[in-house]
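Per-entry structural report
One letter stands for each residue in the lines below.
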Amino acid sequence: MKDANGKVINLMPPKARALVSGKGKEVVRQVGLDVIRDIVCDVLCGKNLRDSTEVLTRKKLATINAATLVMFIRGEAQSKGFAQHLPVIASEELQRKLNGEERQILQWFLGLTNKATQNVLRDSTDSLSKYRDEYLKTCEDVISTCETDYGKLRGELQLGSHGKTGVDWNFMIELLQTIGAQTLAIRGSEKSTYGKLFERLILGSLLSIFGFKLVPKNNITTPKGVFWLSSIGDKRESDATLLYQAGKGIRFDIGFIGRGNPEISLDKVSRFEREIELGSTKWFMGTIILVDTIGKRSRIVELAKAIQGTIIQMSMAYWPKQVALELNNRTGFTHELTRMPEDKIQQFLKKKMIDVPLESFITKVVSK
């Protein structure tokens, strides 16, 4: 990015920049497979996924927030008044064709996220100049109020060998606005990224522990005791499909949905057809829906029964045993977990998770 004088400014340290648009595979690379395995095991034992991933989100936010401070200090060291001119520079740069990562960082300098750009600007670059002017006016008003209420802000920051950088209200307000926008953006992105990643990992791990084999849908040699993930059918999408034996199968849908999202859960109740055809065989499919929690007054369980579906709460300790029992009831599936005392289940799951092929669930095995 170039400053107001045409001088090139390095935006952000490379390591932190790589975190901006990190997807599922990038998350695994950053935190390591062992940490991911522990989180999956925790969820299988009834722990809230959001509790487990919050630590990862905080670490990512802290890293990017710190990198943003570094960027501001370096920018001011290279070009005096960098922070004050940053919104104008960003709005001009956003007129160019950019990759998603560059665009996202520049939006932060204007207090915007991708969602805000869609909703406020309606993805129109023609609206950007007007928005920028209003943004700058708002910042000026805030700075004036701060000086009146709190007095002049003066200080210096020094970063390694980059020299000293003066700090005033212009510097701090733009820095805080940028950090606020990136925090909103990262939190929204992390929720989606972790949800999609762990949906696959948890379903894949659960079915592997049960002894089923992961296969690609378009290359099934033996349609017995196998499953695939994220299958897209003619009408609805299922997160996992299990073929137990000829003519008997189960579709799984998983969502980290709490009692505050009943409308989403209700949609899942009627999600799939009851029959599918693979080759010359017609399969009668049951439905198991996994959600985080169900409200006390929710009618969802009764509605699921009406379409021969079952809802299981992952907030209940050792919910995998309930899934095993439901599979036994629907298909005749037998597994040691169905008879296991609850005080033995956690250790059993931890031991089994050691051999679960998590990498194969991260590398998508889906029909094209």
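About the thresholds
- Starting from 1, residues in each chain are numbered consecutively following that chain's sequence as written.
- Restriction of local features to residues with pLDDT of at least 70 applies here, the model being predicted, together with a cutoff of 80 or more for giving and counting side-chain atom pairs; totals for whole chains, interfaces and linings are based on all residues.
- Side-chain numbers here rest on the full set of heavy atoms in the structure, without hydrogens or water.
- Under the scheme used here, helices are H or I runs from DSSP no shorter than 4 residues and strands are E runs no shorter than 2 residues, and both carry numbers assigned from the N terminus.
- By definition, residues are in contact when any of their heavy atoms lie within 4.5 Å.
- Every accessible area reported is derived by Shrake-Rupley at a probe size of 1.4 Å, with residue values counting cover from the shown protein chains alone.
- Each aromatic pair joins two rings of Phe, Tyr and Trp (for Trp, the six-membered one) with centres within 6.5 Å, and gets the label stacked for planes under 30 degrees apart, edge-to-face for over 60, and tilted for any other angle.
- Only protein chains enter the accessibility calculation, which uses a 1.4 Å probe; a residue is then buried when its area is under 20% of its type maximum, exposed when over 50%, and partly exposed in between.
- Two strands pair under a simple rule: DSSP has to find at least two bridges between them.
- Salt bridge, as applied in this entry: a Lys or Arg side-chain nitrogen positioned within 4 Å of an Asp or Glu carboxyl oxygen.
- Any helix carries an expected span of 1.5 Å times its number of residues minus one.
- Only buried Ala, Val, Leu, Ile, Met, Phe, Trp, Tyr and Cys residues count toward a nonpolar core, and they belong to the same one when joined by side-chain atoms within 4.5 Å.
- Two N or O atoms form a polar contact when they lie within 3.5 Å of each other; inside protein one atom must be a possible hydrogen donor and the other a possible acceptor, and for residues adjacent in sequence the pair counts only when both atoms belong to side chains.
- Predictor confidence is given residue by residue as pLDDT, running from a minimum of 0 to a maximum of 100.
- Axis definition: a line fit to C-alpha positions, over the contact stretch in the case of helices; interaxial angles, taken between N-to-C directions, run 0 to 180 degrees.
- The cut-offs work like this: below 35 degrees is roughly parallel, past 145 is roughly antiparallel, 65 to 115 is roughly perpendicular, and the gaps in between are oblique.
- Left-handed describes a crossing in which the near helix is turned anticlockwise from the far one by less than a right angle; the clockwise case is right-handed.
- Following the grouping adopted for this structure description, the nonpolar residues are Ala, Val, Leu, Ile, Met, Phe, Trp, Tyr, Cys and Pro, the charged ones are Asp, Glu, Lys and Arg, and the polar ones are all others, Gly among them.

**Description of the overall build of the protein**
Counting its secondary structure elements, the protein contains 14 helices and 9 strands. Across the protein, every contact between residues at least 6 apart in sequence was considered, and the portion connecting residues at least 24 apart equals 63%. Accessible surface for the protein amounts to roughly 19300 Å². Of this, 49% is attributable to carbon and sulfur atoms.

**Some details on the packing of aromatic side chains**
Evaluated as defined, the whole model comprises 11 aromatic pairs. Between Tyr-150 and Trp-169 the ring centres are 6.3 Å apart and the planes differ by 40 degrees, which places this aromatic pair in the tilted class. Separated by 19 residues along the polypeptide, Tyr-150 in helix 8 (residues 128–150) and Trp-169 in helix 9 (residues 169–209) bring together distant segments of the chain. Given a relative accessible area of 64%, Tyr-150 falls into the exposed group. A relative accessible area of 17% means that Trp-169 is categorised as buried. Taken together, a centroid distance of 6.5 Å and an interplanar angle of 50 degrees make the contact between Phe-227 and Phe-361 tilted. Of this pair, Phe-227 sits in strand 4 (residues 226–232) while Phe-361 is found in helix 14 (residues 358–362), placing the two residues 134 residues apart along the sequence. In this pair, the class of Phe-227 matches that of Phe-361, namely buried.

**Side note on the pairing of strand 2 (residues 164–167)**
A regular strand places its side chains so that they alternate between the two faces of the sheet. What you see with strand 2 is a clean split: Thr-165 and Val-167 sit on the buried side and Lys-164 and Gly-166 on the side with no burial. Looking at chain direction, strand 1 (residues 155–158) and strand 2 are connected through 4 bridges and run antiparallel. Bridging from a neighbouring strand, Leu-157 pairs with Thr-165 of strand 2.

**So, the pattern of salt bridges**
With the rule as written, the count across this model stands at 9 salt bridges. One salt bridge in this structure joins Arg-132 and Asp-133, with 3.2 Å as the shortest N-O distance. With relative accessibility at 15%, the residue Arg-132 sits in the buried group. A salt bridge links Glu-156 to Lys-164, with the nearest nitrogen and oxygen atoms 3.9 Å apart. With a relative accessible area of 58%, Glu-156 lands in the exposed category. Counted as one network, the salt bridges with shared partners bring together Glu-54, Arg-58 and Arg-187.

**Considering helix 8**
When the terminal C-alpha atoms of helix 8 are compared, their 32 Å separation across 23 residues agrees well with the 33 Å that a helix rising 1.5 Å per residue should span. Those residues of helix 8 not exposed but buried are Leu-128, Tyr-131, Arg-132, Tyr-135, Cys-139, Ile-143 and Cys-146. Taken together, the buried residues of helix 8 touch helix 5 (82–93), helix 7 (114–120) and helix 9. Two residues or fewer past helix 8, Gly-151 is found with a positive phi of approximately 95 degrees.

**So, the nonpolar core**
In summary, soluble globular proteins display a tendency toward joint burial of nonpolar side chains. One finds Phe-198, Phe-210, Phe-252, Trp-319, Val-323 and Leu-327 to be the most contacted residues of the largest nonpolar core, which totals 52 residues. For this core, the element with the most residues is helix 9, which contributes 9 residues. One finds Ala-83, Ile-105, Leu-175 and Ala-185 within the second-largest nonpolar core, a separate group that totals 34 residues.

**Considerations on the side chain of His-335**
Here His-335 lies in the loop between helix 12 (319–331) and helix 13 (342–353). In terms of polar contacts, His-335 uses its side chain to reach the backbone carbonyl oxygen of Ile-209, at 3.2 Å. When residues no more than four places from it in sequence are discounted, the contact partners of His-335 are Ile-209, Phe-210 and Phe-348.

**Describing the confidence of the model for the protein**
Taken as a whole, the protein shows an average pLDDT of 81; of its residues, 78% reach a score of 70 or greater. Confidence scores differ between elements of the protein, with helix 10 (residues 262–269) showing the lowest mean pLDDT of 48 and helix 8 the highest of 95. Note that residues 259–266 has pLDDT below 50 and, in this model, 9 contacts with residues that lie over four places away or in other chains.

**Quick word on the environment of Phe-72**
Looking at the secondary structure, you find Phe-72 in helix 4 (residues 49–78). Separated by 11 residues in sequence, Phe-72 and Ala-83 place their C-alpha atoms 6.7 Å apart.

**Quick look at the packing of helix 3 (residues 33–44) against helix 4**
Two numbers describe how helix 3 lies on helix 4: the axes approach to 9 Å, and their chain directions differ by 160 degrees. Judged by the angle between their axes, helix 3 and helix 4 are roughly antiparallel. The hand of the helix 3/helix 4 crossing is right-handed. Contacts between helix 3 and helix 4 involve Ile-39, Asp-42 and Val-43 from the former and Leu-49, Ser-52 and Leu-56 from the latter. A breakdown of the residues in the contact of helix 3 with helix 4 according to their chemical character gives 4 nonpolar, 1 polar and 1 charged.

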